[in-house]
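# Topology and contacts: notes
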Amino acid sequence: RAKIQSMNFTRKTKVWNEPAYNKIETIPLHLQQSQSSENMVLEDKKEPLNVQVKVGTKLVVDPMRMYPMLASVKGNALIINNQEFDDPDDYPYRKGAHVDGSNLEKLFRQLGFNVMSYTNMTRNASLKKLIEFSDIAGSKKPDMMVVCMLSHGMENGKIISADGFEIDPETDVLRRFNNDYCPEMRGKPKFFIFQECRNQVLTRGVDFSNKGDVTEAVPIRSEKMISMTEKDSDYEDMLIANSITPRQLSYIDNYRGSWFIESLCKVFMEHAKDMDLKGLLDKAG
C-alpha cells in the first residue's frame, strides 16, 4: 500500500457553483451590526447543500484491489469544528462553519460511520479527544476511520484551537493514528480532512462582489517554518485532504459553508457508490 499521500485542493473547484447573490434594499436590524463588522451581504439563494448519499447496487472496483469494507458500521468519524474563539480580534468568528460540520456529519452517517462531532474545543480538550478517539477507532474491528479538523490555520500548517493555541497536524493528529500509536488500525484506511487557512495575512470580512464570502486567514505569530519530516512505514494507509495549498486563503460562505467542504460532500454523496476514495478527491479538486 502506498505511504501517506497529501491531497491538496485549490479554492476553486470543479463542482462548486459560485453563488451570484443579489443585495436587498432592507437589512433586518439584527443583522446590521454583523454587516458592518464582517461586510456581510444578504443573499437570495442561501440554502446549504442537501446531503443525500446515493446508494450503490454493485461493486465497481476489483475486490482484490480494495480495502475490505464489510462491517455494517464502516468505522468511526471524528469532527472537531472550531467556529468561535476566545480572542475574536486575532481569530474572528467563522460564519458558516456550522454548515460544514453539519454537512460532514450527515455525509458520514449516511456512509455508515459512527460520527462524533464537537465544536469550539480548546487545545487540551482537542488532544484528549484525539487520544480517546484513537482508542475508539481501534476497537470493535472497524474497517476505516475518519478525522475532520475545521478551524483557523497558520501558514506553517498549524491548526488553531478555540483558546488560540496551535495544534500540529503532524505530531498532534496524524501520529496518534500511525501503526505505532494505533496498531489496531494497521492495514486499514485512515482518512483525514483539514479545512483551514494557510496564509499569514489577516483578511476577514471581505466582500467578493456580493458573494458574502469571508476568508479564514489569521496573522502568523512566527515566520519560522516547520519542515515536514519524511514519513516511514508507520504512516502507511493514510490519506489527507487539505482545503488549500500552503500560503493560500480558504474561503467560506456565510450560509453554505466553505467551498472545499461543500465540494467534497457533493462529490461524495453523488459518486461514493461508483468511485474509489482517491477518485472522489480528484473529482472534488
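Residues numbered from 1 in each chain as written. Predicted model: local features only at pLDDT ≥ 70, side-chain atom pairs only at ≥ 80, totals over all residues. Heavy atoms only, no water.

## What to know about the overall build of the chain
Short version of the rule: A run of DSSP states H or I qualifies as a helix once it reaches four residues; a run of E qualifies as a strand once it reaches two. Both are numbered from the N-terminal end. For every residue, the accessible area (1.4 Å probe, protein chains only) is compared with the maximum for its type, and the residue is labelled buried under 20%, exposed over 50%, or partly exposed between those bounds. Note on contacts: a residue pair qualifies if any of its non-hydrogen atoms lie within 4.5 Å across the two residues. Only the protein chains shown count as cover for residues, and all accessible areas are computed by the Shrake-Rupley method using a 1.4 Å probe.
For the chain, the count of helices and strands is six helices and 11 strands. For the chain, the residues scored as buried account for 49% of the 285 residues in total. For the chain, long-range pairs separated by at least 24 residues make up 78% of all intrachain contacts whose partners lie at least 6 apart in sequence. Total accessible area on the chain stands at roughly 14100 Å², and carbon and sulfur atoms take up 49% of it.

## Notes on the pattern of salt bridges
Basically, it comes down to this: Whenever a carboxyl oxygen of Asp or Glu lies within 4 Å of a side-chain nitrogen of Lys or Arg, that contact is scored as a salt bridge.
Per the stated rule, a full pass over the model turns up seven salt bridges. Residue Glu105 is joined to Arg109 by a salt bridge in which the shortest nitrogen-to-oxygen separation is 3.0 Å. Linking Glu105 with Arg109, this pair stays in helix H2 (residues 97–110), spanning four residues, or about one helical turn. Among the ionic pairs, Glu166 bridges to Lys158, the shortest N-O distance being 3.6 Å. Overall, Lys158 belongs to the buried group, its relative accessible area being 12%.

## As for the nonpolar core
Let me state the cut-off plainly: For our purposes a nonpolar core is just a set of buried Ala, Val, Leu, Ile, Met, Phe, Trp, Tyr and Cys residues, chained together by side-chain atoms within 4.5 Å.
Core analysis: the biggest nonpolar cluster contains 28 residues, and Leu104, Leu107, Phe108, Phe191 and Ile193 have the highest contact counts within it. With seven residues, the single largest contributor to this core is helix H5 (residues 259–271). When residues no more than four places from it in sequence are discounted, the contact partners of Phe191 are Phe108, Met144, Met145, Val146, Val147, Leu239, Ala241, Phe268, Leu277 and Leu281. Grouped together as the second largest cluster of nonpolar side chains are 23 residues, Met116, Ile159, Met185 and Met238 included.

## As for the environment of Val146
Within the secondary structure, Val146 is located in strand E4 (residues 144–150). Taking C-alpha positions, Val146 is 4.4 Å from Ala77, a pair spaced 69 residues apart along the chain. Once residues within four sequence positions are removed from consideration, Val146 is found in contact with Asn76, Ala77, Leu78, Phe108, Phe113, Phe133 and Phe191.

## Looking at H5
Residue pairs three or four apart in sequence face the same way in an α-helix, which turns once every 3.6 residues. Put simply, the rule is: Given a helix with a known number of residues, its expected span is that number minus one, times 1.5 Å.
Over its 13 residues, H5 runs 18 Å from end to end, which matches the ideal 18 Å to within 8%, given 1.5 Å per residue. Counting buried residues along H5, 10 of its 13 residues qualify, which places the element largely inside the surrounding structure. Here H5 has its buried residues at Trp259, Phe260, Ile261, Glu262, Ser263, Leu264, Cys265, Val267, Phe268 and Met269.

## Quick look at the pairing of E4
Definition in use: Only strands joined by at least two bridges in the DSSP assignment are considered to pair.
Burial runs high along E4: seven of the seven residues are buried. The alternating pattern of E4 places Met144, Val146, Cys148 and Leu150 on one face and Met145, Val147 and Met149 on the opposite face, and all of these are buried. The sheet contact formed by strand E2 (residues 75–81) and E4 spans seven bridges and is parallel. Among the inter-strand pairings, Asn76 is bridged to a residue of E4, identified as Met145. Pairing geometry for E4 and strand E7 (residues 190–195), over six bridges, is parallel. Residue pairing across strands places Met149 opposite Phe194, the latter belonging to E7.

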